[in-house]
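Overview (structure and organization)
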Amino acid sequence: MDELVIARSMFGITMGFHIIFATLGVGIPLMILVAEIMFQRTNDLDYSVMAKRWTKAFAVLLGVGIPTGTIAGVQLSLLWPGFMEVIGRVMALPFQIEIYAFFVEALFMSIYVYAASRIAPWMRIVSLVLVAIGGLASAVLITNVHAFEGTPAGFEIINGQITNVDPWKAFFNPSFFVTAGHVALSAYVVGSFTIATVSAFKMLRSSFGSRIYAFHRKSLMICLLVGGVFAFLTAINGHESAQKLHEYQPEKLAAAEGLFETQTHAPLSVGGFTDPVTQEVKWGIEIPWALSFLAGNSFDTEVIGLNDFPEEYWPPLFVHTLFNAMVGIGSLLILLSLVAYVWNKLLKKDRFPKWLMWAFVAGGPLSIMAIEFGWIFACTGRQPWTIYRILSTEDSVTTSGNLGTLFILFVSVYAILAVSVVLVLLYYFKRNPPEKDITKAEASHKDIPLST
């Protein structure tokens, strides 16, 4: 197998595995903060129990996210020396600042875990806010490197030499803010819907009207509320992201929509698959003029088609399917939240139908799939470039051989980590069911120290 293919596959699997834990590492702290605020506002011990249980799950996930993130950093140097030469001289700031962001997250999470019962309530809120900020900053800083790859700025290459380096201009590259927003919002969606999955499943396993059913119902409702709001905001941010693609990476937008001919009043293709022979999206549904409006807020906006670029610059055409899957799942999650709101608040029904409960159970896995589809689309849609129009993927890859052995070893490590984290979570929460924490909290009439 070609070394470039192995390198891309290895790093793709690494990031695909790591991004699950990194995303939950951003999303779950927000839900812990929400639960802690709800407890302090209502004095309802259920919210305190939620916060503590979610914190322990977060600690386990963090324990896997750290080594997988370290592996990703090592692989960048091992597999992509050409890319890292540019990053080391131009875009090192995010990596340097991220160390401090992680320090803040780890420090204040430790304070919350071990000193929660010994500090003032407002200090617990502050600690969780700083945990959430630290986790978000880590994710934004690292993914800013991805933003830089698509919209490079802050340097020039003259006669093969990197010159005129401006690190801050590279840091605040044209897509920095929209990419940072998308990372944050989508992470909050994943965190809330993943917890909603567990809550809905536990409700299905509990007797209606029981103490445990009520506990999980509270959890489900706040997760659907938070997840629905952030899913809607993600969709708005996605509109801004499409406009950035139109401005800076037009062939990527054209591939995402299967558009081959440059045109105004361009249609938006929903579903189907792109056929390079007939140069059309087969079995898709076209929404007239919608792509032009998406790209430039006007139906007259001219959208550049793939035929305006050399074919070797075309991204893989299957990115159309990835893009549709990501958008489709996001739309479904918004719909689920709206249905839950209407059913609970407007219709005043105290029990969801079974089919809807199973839809809630599917929400978490679907949100993670959307994240995976989105990242594969973002990275594959940039091909054949590592740094858009400056450094090709082929010129970035290592010239070392024997990558096949490394590939097998790394995949084995991920398999072990995946099995381990599932077993640890199942073992811990089986030995510590919510009934135990609720009983303990009600008996003592105060929230449970995390360190117990």
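Residues numbered from 1 in each chain as written. Predicted model: local features only at pLDDT ≥ 70, side-chain atom pairs only at ≥ 80, totals over all residues. Heavy atoms only, no water.

In plain terms, the rule: UniProt positions are given in the numbering used here, feature names are shortened, and annotations may be inferred rather than shown by experiment.
Per an unreviewed UniProt entry, the recorded name for the protein chain is Cytochrome ubiquinol oxidase subunit I, and the organism is Rossellomorea vietnamensis. Checking UniProt for the protein chain, the heading Subcellular location (unreviewed entry) contains the comment "Cell membrane". Here the protein chain is described in UniProt, under the heading Sequence similarities (unreviewed entry), as follows: "Belongs to the cytochrome ubiquinol oxidase subunit 1 family."

1. Some details on the overall build of the protein chain
In plain terms, the rule: Helix and strand definitions follow DSSP, with helices as H or I runs of at least four residues and strands as E runs of at least two, each counted in order from the N terminus. Only protein chains enter the calculation, and the probe is 1.4 Å; a residue is then buried if its accessible area is under 20% of its type maximum, exposed if over 50%, and partly exposed in between. We call two residues in contact when some of their heavy atoms are within 4.5 Å. Per-residue and other accessible areas were derived by the Shrake-Rupley procedure at a 1.4 Å probe size, with only the shown protein chains allowed to occlude residues.
A tally of helices and strands in the protein chain yields 15 helices and eight strands. By its C-alpha atoms, the protein chain is 75 × 45 × 40 Å across when sized along the principal axes. A total of 452 residues make up the protein chain; the buried ones form 50% of that total. The long-range fraction of contacts in the protein chain, counting pairs at least 24 apart against all pairs at least 6 apart in sequence, stands at 78%. Taken as a whole, the protein chain presents about 21200 Å² of accessible surface, with 67% of it coming from carbon and sulfur.

2. Quick look at the side chain of Glu251
For the record, the criterion: Whenever a nitrogen or oxygen atom comes within 3.5 Å of another N or O atom, the pair is scored as a polar contact, on the condition that within protein one atom can donate a hydrogen and the other can accept it, and that pairs from neighbouring residues in sequence are kept only if both atoms are in side chains.
Considering the arrangement of structural elements, one finds Glu251 in helix α9 (residues 250-257). One polar contact links Glu251 to Arg389, side chain to side chain, over a distance of 3.1 Å. Those residues in contact with Glu251, other than ones at most four positions away along the chain, are Leu306, Phe309, Tyr313, Pro315, Tyr388 and Arg389.

3. So, the packing of helix α2 (residues 45-79) against helix α4 (residues 93-115)
To describe two helices that pack against each other, one gives the angle between their axes and the distance between the axes. Definition in use: Here an axis means a line fitted to C-alpha atoms, over the contact stretch when the element is a helix, while the angle between two N-to-C directions is reported on a 0 to 180 degree scale. Note on convention: the crossing is left-handed when the near helix lies turned anticlockwise from the far helix by less than a right angle, right-handed when the turn is clockwise.
Packing of α2 against α4 leaves a shortest axis separation of 12 Å and a crossing angle of 145°. In this structure, α2 meets α4 at a crossing whose hand is left-handed. Here Ala51, Lys52, Thr55, Phe58, Leu62 and Ile66 of α2 come into contact with α4, specifically with Phe102, Glu105, Met109, Tyr112 and Val113.

4. Side note on helix α12 (residues 354-380)
Since one α-helical turn is 3.6 residues long, residues separated by three or four positions face the same way. Filter applied, for reference: A helix is expected to reach a length of 1.5 Å times the quantity of its residues less one. We define the bend at any residue as the angle between the axes fitted to the seven residues before and including it, ending there, and the seven starting there.
Along its 27 residues, α12 runs 38 Å from first to last C-alpha, staying within 8% of the 39 Å computed at 1.5 Å per residue. Its maximal kink placed at Gly363, α12 deviates by approximately 35°, while the proline Pro365 follows within four residues.

5. Side note on the confidence of the model for the protein chain
Definition in use: Residue-level confidence of the predictor is what pLDDT reports, using numbers from 0 through 100.
With 98% of its residues at a pLDDT of 70 or more, the protein chain has an overall mean of 88. Highest mean pLDDT in the protein chain belongs to helix α7 (residues 176-205) (94); lowest belongs to helix α15 (residues 434-444) (79).

6. Quick look at a nonpolar patch on the surface
The line we're drawing: Here the term patch refers to residues with relative accessible area over 30% and no salt bridge, with like charges joined within 9 Å and nonpolar side chains (Val, Leu, Ile, Met, Phe, Trp, Tyr) within 5 Å. The term salt bridge refers to a side-chain nitrogen of Lys or Arg lying within 4 Å of a carboxyl oxygen of Asp or Glu.
There is a patch of nonpolar side chains on the surface, built from Leu225, Val229, Phe232, Leu233 and Ile236 and spanning about 450 Å² of accessible area. Here Val229 lies in helix α8 (residues 211-248). Taking the relative accessible area as the measure of exposure, Val229 reaches 42% and is therefore partly exposed.

7. Things to note about the pattern of salt bridges
A full pass over the atoms with the stated rule returns eight salt bridges. Its salt-bridge partner being Glu36, residue Lys52 comes within 3.7 Å of it at the nearest N-O pair. On the criterion of sequence distance, the pair formed by Lys52 in helix α2 and Glu36 in helix α1 (residues 3-42) is long-range, its members being 16 residues apart. When the shortest N-O distance is used, the salt bridge between Lys218 and Asp44 registers 2.6 Å. Of this pair, Lys218 sits in helix α8 while Asp44 sits in the loop between α1 and α2; the two residues are 174 residues apart in sequence, bridging distant segments of the chain. Classification of Lys218 as partly exposed rests on a relative accessible area of 25%.

8. Observations regarding the nonpolar core
What counts is decided by this rule: By convention a nonpolar core is built from buried Ala, Val, Leu, Ile, Met, Phe, Trp, Tyr and Cys residues, the set being connected through side-chain atoms within 4.5 Å.
With 92 residues, the main nonpolar core has Trp54, Leu220 and Phe360 as its most contacted residues. When residues of this core are assigned to their parent elements, the largest contribution, 16 residues, is made by α1. Excluding anything up to four places from it in sequence, Leu220 contacts Ala196, Ser199, Ala200, Met203, Phe352, Met357 and Phe360. Counting 24 residues, the second largest nonpolar core, distinct from the first, contains Ala242, Ala256, Ala266 and Leu306.

9. Description of the packing of aromatic side chains
Selection criterion: Between rings of Phe, Tyr and Trp, where Trp is taken as its six-membered ring, a pair exists when centres lie within 6.5 Å; planes separated by under 30 degrees are stacked, by over 60 edge-to-face, and by other angles tilted. Here, a charge over a ring means that NZ of Lys or CZ of Arg falls within 6 Å of the ring centre while also lying within 35 degrees of the ring normal.
Under the criterion given, the structure shown has 21 aromatic pairs. Geometrically, the ring pair formed by Trp168 and Phe172 is stacked, given 6.1 Å between the ring centres and 20° between the ring planes. Since its relative accessible area comes to 48%, Trp168 is described here as partly exposed. A relative accessible area of 43% means that Phe172 is categorised as partly exposed. For the cation-ring pair, Lys252 lies above Phe377, with the distance from its terminal atom to the ring centre recorded as 5.5 Å. One Lys or Arg, Lys349, reaches over the ring of Trp343 and ends 4.8 Å from the middle of that ring.

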